[in-house]
Amino acid sequence: MSFLKITSAHKAYRTPEGGLIRALDDVSLNVRNNEFLTLLGPSGCGKTTLLKCIAGFEDIDAGEITLEEQSLKGVPAHRRPFNTVFQNYALFPHLSISDNVGYGLDVAGVRKRERNQRVDEALELVGLGGFGAREPKQLSGGQQQRVALARSLVLKPRVLLLDEPLSALDRKMRETMQIELKNLQHSVGITFVFVTHDQEEALAMSDRIAVVAHGKVQQLAAPAEIYDEPANEFVANFVGTSNIFSGKVVAQDGRLLTIETANQRQLLAASHRFTTGDRVDLVLRPEHMRLSPGSNGVPDSCIEGTVEASVFVGSEMHLHVNVGKGRTAIVHHRHNRGDENERIEPGTELKLYYSPNAVHLIAAAGG
Ligand SMILES: Nc1ncnc2c1ncn2[C@@H]1O[C@H](COP(=O)(O)OP(=O)(O)OP(=O)(O)O)[C@@H](O)[C@H]1O
Ligand SMILES: [Mg+2]
């Protein structure tokens, strides 16, 4: 039986100027029971809209949303077994932490003893046991965020919808909360639909990621698959950095394809999905290119270019390399501490080596 299923959902907004915005344009998505699913996409792509439609704060214009094969059409938000944690989590400033967390239980008329017990459990769960008597202003931003989580968890929803809950936190706190949230989801066994525009956050936390753009799901897959086998150019560019060469397969030797591109005459790629004559986009990650050839396995392929800039980012150098016709490739190069010879000045001509196995090929759009 399917769990939370969205089928061909459409949602358009009219703008005051008389225009029409397709916020959801034929979205289909199958959320599994107990999974941590992330909606990842740029600002304005429809993430919040989808969350609101699932929650029941908005209605879809067409399509269907079902929970365990029961339609949610006409079911008001408060009758759905879901809870939402908003980006702006607005705690009641004059209520204690306990009363903030217990608010939903009070509204539901839960008896005092059970209410207090569940509040204590929820606070314990988010690592705030013993903080119940404080007021929100006496907590840090990260702690307040955890109160907002506890406030939702205490209601024991089947699905927790989280709209960029970590975006107000600084980087360190966010990384800590990413791990905690993931562990929490695992231990409570509640399905999480988590919204972010931060690809690292999505890769770190999710069981599966739905990459969304222009109101459409571009790809739905596990993080490693999204990164290693992006379905299209948008995903390849949005999740991590990609160097993309468009070209045509001109020769084939088993899995080994020779691809002619506008920038480089011959690039090699290993794939059994394409053959001579196919138009392809060759996706190469910056960490898969080296300044010297590999010594074992399939012979390396090679790209020639001229260094335009080298940027020191601490753990590595990011080289911007002109690879012909004004195209720049980004290469991540690990360097050894204090190694003066490793300094690569702009203007340096070099060869970039990569294994044909490190390449991901996408059928060229319209090809
Ligand atoms: N009530 C509304 N009326 C008109 N247009 C709206 C309304 N709500 C959202 N939109 C538009 O619908 C599109 C999708 O908005 P949505 O809030 O779902 O984006 P988002 O992916 O959550 O973006 P962000 O990352 O910035 O939060 C946007 O173009 C937005 O301007
Ligand atoms: Mg949003």
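Residues numbered from 1 in each chain as written. Chains lettered and ligands numbered in written order. Predicted model: local features only at pLDDT ≥ 70, side-chain atom pairs only at ≥ 80, totals over all residues. Heavy atoms only, no water.

1. Here we look at the site of ligand 1
Around ligand 1, the surrounding shell consists of Y13, I21, A23, P42, S43, G44, C45, G46, K47, T48, T49 and E164. Contact distances for ligand 1 include 2.5 Å between an oxygen atom and a side-chain N or O atom of S43. Between an oxygen atom of ligand 1 and a side-chain N or O atom of K47, the distance comes to 2.8 Å. Starting from 640 Å² of accessible surface for ligand 1 in isolation, the protein chains cover 64%. When residues of the shell around ligand 1 are traced back to their parent elements, those giving at least two are β2 (20–31) and α1 (47–55). Tallying contributions element by element places α1 first for the shell around ligand 1, with three residues. Among the residues forming the shell around ligand 1, the class breakdown is five nonpolar, five polar and two charged. (Near = heavy atom within 4 Å. Polar contact = N/O pair within 3.5 Å; in protein donor to acceptor, adjacent residues only side chain to side chain. Areas by Shrake-Rupley, 256 points an atom, 1.4 Å probe, with all protein chains shown as cover. Helix = DSSP H or I, 4+ residues; strand = E, 2+ residues; numbered from the N terminus. Nonpolar A, V, L, I, M, F, W, Y, C, P; charged D, E, K, R; others polar.)

2. What to know about the packing of helix α4 (residues 141–153) against helix α5 (residues 171–188)
Axes are the key here: two packed helices are described by the angle between their axes and the distance separating the axes. α5 packs onto α4 with a crossing angle of 20° between their chain directions and a minimal axis gap of 11 Å. Compared by their axis directions, α4 and α5 come out roughly parallel. Crossing angle aside, the handedness with which α4 passes α5 is right-handed. In this structure, α4 contributes G142, Q145, R146, L149 and L153 to the contact, and α5 contributes M173, M177, E180, L181, L184 and V188. Here the contact of α4 with α5 is composed, by residue class, of seven nonpolar, two polar and two charged. (Axes fitted to C-alpha atoms, helices over the stretch in contact; angles between N-to-C directions. Parallel < 35°, antiparallel > 145°, perpendicular 65-115°, else oblique. Left-handed = near helix turned anticlockwise from the far one by under 90°. Contact = heavy atoms within 4.5 Å.)

3. A closer look at the domain arrangement of the protein chain
Each assigned domain of the protein chain is listed here: domain 1 (4–237) and domain 2 (241–363). Between domain 1 and domain 2, the C-alpha centre-to-centre distance is 38 Å. With ten residues of domain 1 in contact, the opposing surface of domain 2 contributes nine residues. Here domain 1 and domain 2 share an interface that buries about 760 Å² over both sides, 47% of which is from carbon and sulfur atoms. Looking only at domain 1, the three residues that lose the most surface to domain 2 are Y227, E233 and A236, adding up to 57% of its buried area. (Domains from an automatic or database assignment. Buried area = accessible area lost by both parts, 1.4 Å probe.)

4. Description of the packing of helix α2 (residues 97–107) against α4
Across the interface, α2 lies against α4 with an axial gap of 7 Å and an inter-helix angle of 35°. Here α2 and α4 pass one another in a crossing that is right-handed. For the pair formed by α2 and α4, the contact residues are I97, N100 and V101 on the first element and V147, A150 and R151 on the second. For the contact of α2 with α4, the residue count by class is four nonpolar, one polar and one charged.

5. Quick notes on the nonpolar core
Proteins that are soluble and globular tend to have nonpolar side chains buried together. Ranked by internal contacts, the top residues of the largest apolar core, which has 31 residues, are V101, L149 and L160. Looking at this core, the elements that each hand over two or more residues are α2, α3 (112–125), α4, β7 (159–163), α5 and β8 (191–196). Looking at this core element by element, the count peaks at five residues for α4. (Core = buried A, V, L, I, M, F, W, Y, C linked by side-chain atoms within 4.5 Å. Buried < 20%, exposed > 50% of the residue type's maximum accessible area, 1.4 Å probe, protein only.)

6. Some words on the packing of aromatic side chains
Using the criterion set out here, one finds five aromatic pairs in the structure. Seen in terms of ring centroids, F92 and Y103 are 4.8 Å apart; in terms of plane orientation they differ by 55°. Their pairing is tilted. Note that F92 is positioned in the loop between β6 (82–85) and α2 and Y103 in helix α2, a separation of eleven residues in sequence. Assessed through its relative accessible area of 40%, Y103 is described here as partly exposed. Summarising the aromatic geometry, the rings of F234 and F238 are spaced 5.4 Å apart at their centres and angled 10° between planes, so their arrangement reads as stacked. A residue pair is termed a helical-turn pair when its members lie 3 or 4 positions apart in one helix, as F234 and F238 do in helix α8 (residues 233–238) at four residues. We classify F234 as partly exposed; its relative accessible area is 26%. A connected cluster of aromatic rings, assembled from ring pairs, spans F36, F192 and F194. (Phe/Tyr/Trp six-rings, centres within 6.5 Å; stacked < 30°, edge-to-face > 60°.)

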